[in-house]
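The lines below spell out each chain.
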Amino acid sequence: MLPLGDGVVAVERGADRIPGSEAARRLQLKIGRMAAPDDFDQNRYAGSARSEFLNWSLRNDTAWDYAADARGYTDGIVLGYISPDWSLDYGVYRMPAEAGGQPLVASLARASGQNLQLTLSAFPTGTVVRLLAYLDTAAMGSYAQALAIAAATHAPPEVAATARPGRRKRGFGLDVEQPLADDGDTGLFLRWGYNDGKEQSFAAAEVDQALSAGVQISGRQWRQPDAQAGLGLVSEALSAPHREYLAAGGTGLTLGDGHLDYGREQILEAYYRLQRVWPEDPGPVRWQFGPDIQIIRNPGYNRDRGLVSFWALRLHVEY
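Being a predicted model, the structure only gives us computed values, none of them experimental. (Residues numbered from 1 in each chain as written. Predicted model: local features only at pLDDT ≥ 70, side-chain atom pairs only at ≥ 80, totals over all residues. Heavy atoms only, no water.)

A.B. asks: Looking at this structure, I do not really get the overall build of the protein. What am I missing?
C.D. replies: Of regular secondary structure, the protein possesses two helices and 15 strands. Taking 319 residues into account, the globule formula puts the C-alpha radius of gyration at 20 Å, and the protein, at 21 Å, falls close to it. Its C-alpha atoms give the protein principal-axis dimensions of roughly 75 × 45 × 35 Å. Across the 319 residues that make up the protein, the buried fraction comes to 46%. A separation of at least 24 residues holds for 63% of the contacts in the protein among residues at least 6 apart in sequence. Of the roughly 16200 Å² that the protein leaves accessible, carbon and sulfur atoms contribute 57%. Of the charged side chains in the protein, 31 are positive and 38 negative; the average position of the first set lies 2 Å away from that of the second. (Helix = DSSP H or I, 4+ residues; strand = E, 2+ residues; numbered from the N terminus. Rg over C-alpha atoms; globule rule 2.2 N^0.38 Å. Buried < 20%, exposed > 50% of the residue type's maximum accessible area, 1.4 Å probe, protein only. Contact = heavy atoms within 4.5 Å. Areas by Shrake-Rupley, 256 points an atom, 1.4 Å probe, with all protein chains shown as cover. Lys, Arg positive; Asp, Glu negative; His and termini not counted. Charge placed at Lys NZ, Arg CZ, Asp CG, Glu CD.)

Here is the structure:
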């Protein structure tokens with residue numbers, strides 16, 4: 001970090017975060033192995049499976065096909081200008097050699113995932129707006145080309161067989177958080193994402209359009225200051241060539257069963273988190289208890305599936 005002034009801001013303890021202070025206006029550079037969502041598309045109310053929503057579509061913009069290996073990590077460089085009113089971040093990362101693969105392409109000149117994010121935070125209402133644009137370059141396949149070959153050979157389409165180095169995928173995202181009360185612990189969130197959907201889903205989720213929104217409510221509203229509840233809704237879609245490819249019997253990064261009665265995938269998730277310190281004095285043990293439910297309509301964009309319900313329980317004990 002390179003400070004650009006004398007002002008500082010406090011940094012609270014958190015996951016992957018050491019408490020202390022940072023320069024309020026600064027340049028910062030990160031180089032190494034990392035996960036792209038740690039620096040882009042963050043949201044105060046929908047960004048952590050540890051304590052908030054479990055569904056990936058409520059933690060990230062799933063139409064953002066960000067660079068990652070099969071475990072979600074990559075090597076990259078992130079350069080950012082940070083100020084109290086606005087920030088600008090640029091990141092470039094290594095892409096996997098094949099869709100969903102573990103090995104990464106060594107040369108950024110051959111394959112890369114580039115991300116540019118503008119964050120606006122000077123609104124008097126406490127609103128934070130993040131605008132994201134990304135460009136992926138990799139040996140991707142083309143859904144339209146796979147369909148054309150299948151029509152000529154009378155065989156199921158195979159998008160991986162059409163992979164060609166240097167293909168590009170472009171996308172955009174909008175991420176908004178709006179504090180309402182309780183020092184910002186109660187608030188709303190909104191995400192929207194889009195990519196062109198012409199090239200195969202390569203590294204992240206098999207989604208071409210995503211819209212999610214929801215609310216986080218602090219337990220202060222019912223005299224439980226350490227409690228928290230959340231409700232989120234998601235609607236996701238595929239591009240025309242992507243859904244035609246799956247309907248023709250093709251398989252993708254995570255989808256494909258030979259048939260598709262297409263419908264938008266819709267997700268509802270609700271969670272509750274109760275946190276306590278016991279005993280209160282001196283308080284050596286902290287625990288969290290959190291039930292969660294997800295209801296998914298048209299899972300995998302197939303109207304022949306669903307409704308599907310998922311129940312979960314999170315328990316965390318810390319000494």
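A.B. asks: Would you mind showing me how to read the pairing of strand 4 (residues 26–34) here?
C.D. replies: Both faces of the sheet carry side chains from a regular strand, because those side chains alternate between them. Where strand 1 (residues 2–3) lies against strand 4, two bridges are found, and the strand directions are antiparallel. Within strand 4, the residue paired with Pro3 across the bridge is Arg26. Here strand 4 pairs with strand 5 (residues 74–82) via nine bridges, running antiparallel. Within strand 5, the position partnered with Gln28 by the bridge is Gly80. (Pairing = 2+ DSSP bridges.)

A.B. asks: Can you walk me through a nonpolar patch on the surface in this structure?
C.D. replies: Together, Phe172, Leu190, Trp192, Tyr194 and Leu211 line one region of the surface with nonpolar side chains, adding up to about 450 Å² of accessible area. Ranked by residue count, the leading element in the nonpolar patch is strand 10 (residues 186–195), at three residues. Along the chain, Tyr194 turns up in strand 10. Given the relative accessible area of 33%, Tyr194 is considered partly exposed. (Patch = residues over 30% accessible without salt bridge, like charges linked within 9 Å, V, L, I, M, F, W, Y side chains within 5 Å. Salt bridge = Lys/Arg side-chain N within 4 Å of Asp/Glu carboxyl O.)

A.B. asks: Teacher, can you tell me more about the side chain of Arg314 here?
C.D. replies: Inspection of the secondary structure assignment puts Arg314 in strand 15 (residues 306–318). Notably, Arg314 is buried but unbridged: the nearest opposite-charge side chain belongs to Asp292, and the N-O separation is 4.3 Å. Polar side-chain contacts of Arg314 include one of 2.6 Å to the backbone oxygen of Glu52. Ignoring sequence-local partners within four residues, the contact set of Arg314 consists of Ala49, Arg50, Ser51, Glu52, Leu54, Tyr271, Gln288, Phe289, Gly290 and Asp292. (Polar contact = N/O pair within 3.5 Å; in protein donor to acceptor, adjacent residues only side chain to side chain.)

A.B. asks: For this particular structure, what's the right way to read the environment of Gly20?
C.D. replies: Structurally, Gly20 is set in strand 3 (residues 20–23). The spatial distance from the C-alpha of Gly20 to the C-alpha of Val128 is 23 Å, given a sequence separation of 108 residues.

A.B. asks: How should I be thinking about helix 1 (residues 143–153) in this particular structure?
C.D. replies: Because an α-helix packs 3.6 residues into every turn, residues spaced three or four apart end up facing the same way. Along helix 1, the residues classified as buried are Tyr143, Ala146, Leu147 and Ala150. Take helix 1 and look down its axis: the buried residues cluster within an arc of 100°, on one side only. Elements that come into contact with the buried residues of helix 1 comprise helix 2 (240–247). Between a side-chain oxygen at the N-terminus of helix 1 and the backbone nitrogen of Ala144 the separation is 3.5 Å; the capping residue is Ser142. Just beyond helix 1, the residue with positive phi is His154, at close to 55°. (Arc of directions from axis to C-beta.)

A.B. asks: Explain helix 2 here, please?
C.D. replies: All buried positions along helix 2 are accounted for by His242, Tyr245 and Leu246. Buried positions in helix 2, seen along its axis, are confined to an arc of 95° and lie on one side of it. Considering only its buried residues, helix 2 is in contact with helix 1. Positive phi appears at Gly249, one or two residues downstream of helix 2, with a value of about 105°.

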